[in-house]
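Observations on chain architecture
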Amino acid sequence: RMNASVGQQYQNELMAMCATGNHDVSKKYGVAGIICAILCFPCGLICLFSDVEKRCVRCGVMVE
């Protein structure tokens, strides 16, 4: 029972960090950007870096 309350407190602290704008950002590159980067190297790297999605790992919100 004690471990559950400690875990819940830790999770609440992480969500509070997201609420203040301190997100844990993860990048995912799109399939079209990867294919374009391979086929049109080196100019295709522009497509790769424009076809990226940044999301917070903790709360799932898209970060700009």
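As a starting point, this report considers the structure included with it. (Residues numbered from 1 in each chain as written. Predicted model: local features only at pLDDT ≥ 70, side-chain atom pairs only at ≥ 80, totals over all residues. Heavy atoms only, no water.)

Along the protein chain, the regular secondary structure elements total three helices and two strands. The order of α-helices and β-strands along the protein chain, N terminus first, is α-β-α-α-β. A compact globule built from 64 residues would reach a C-alpha radius of gyration of about 11 Å, whereas the protein chain, at 18 Å, exceeds it by more than 25%. C-alpha atoms of the protein chain, sized along the principal axes, occupy 55 × 25 × 15 Å. A buried classification covers 11% of the 64 residues belonging to the protein chain. (Helix = DSSP H or I, 4+ residues; strand = E, 2+ residues; numbered from the N terminus. Rg over C-alpha atoms; globule rule 2.2 N^0.38 Å. Buried < 20%, exposed > 50% of the residue type's maximum accessible area, 1.4 Å probe, protein only.)

It is worth spelling out the packing of aromatic side chains at this point. According to the stated counting rule, one finds one aromatic pair in the structure shown. When the centroid spacing of 6.4 Å and the interplanar angle of 70° are considered together, the rings of Y29 and F49 count as edge-to-face. Here Y29 is found in strand β1 (residues 25–29), whereas its partner F49 is found in helix α3 (residues 44–50), with 20 residues between them in sequence. By relative accessible area, Y29 is classed as partly exposed at 37%. (Phe/Tyr/Trp six-rings, centres within 6.5 Å; stacked < 30°, edge-to-face > 60°.)

Let us look at unusual backbone geometry. F41 connects to P42 through a cis peptide bond whose omega is 0°. Tracing the sequence through the fold places P42 in the loop between α2 (31–39) and α3.

Moving on, we come to a nonpolar patch on the surface. A surface patch of nonpolar side chains, about 750 Å² in accessible area, is lined by Y29, V31, I34, I35, I38, L39 and F49. A total of five residues in the nonpolar patch trace back to one element, the largest contributor, which is α2. (Patch = residues over 30% accessible without salt bridge, like charges linked within 9 Å, V, L, I, M, F, W, Y side chains within 5 Å. Areas by Shrake-Rupley, 256 points an atom, 1.4 Å probe, with all protein chains shown as cover. Salt bridge = Lys/Arg side-chain N within 4 Å of Asp/Glu carboxyl O.)

Take the pattern of salt bridges next. Pairing between side chains of opposite charge can happen when their charged atoms approach one another. The full count for this structure, using the stated rule, is one salt bridge. With a closest N to O distance of 3.2 Å, E53 and R55 form a salt bridge. Under the relative-accessibility criterion, R55 is labelled partly exposed at 33%.

What follows covers the environment of Q8. Topologically, Q8 is positioned in helix α1 (residues 2–19). Taking the C-alpha atoms as reference points, Q8 and C59, 51 residues apart in sequence, are found 15 Å from one another.

The quantities given are spatial measurements derived from coordinates; they are silent on function.
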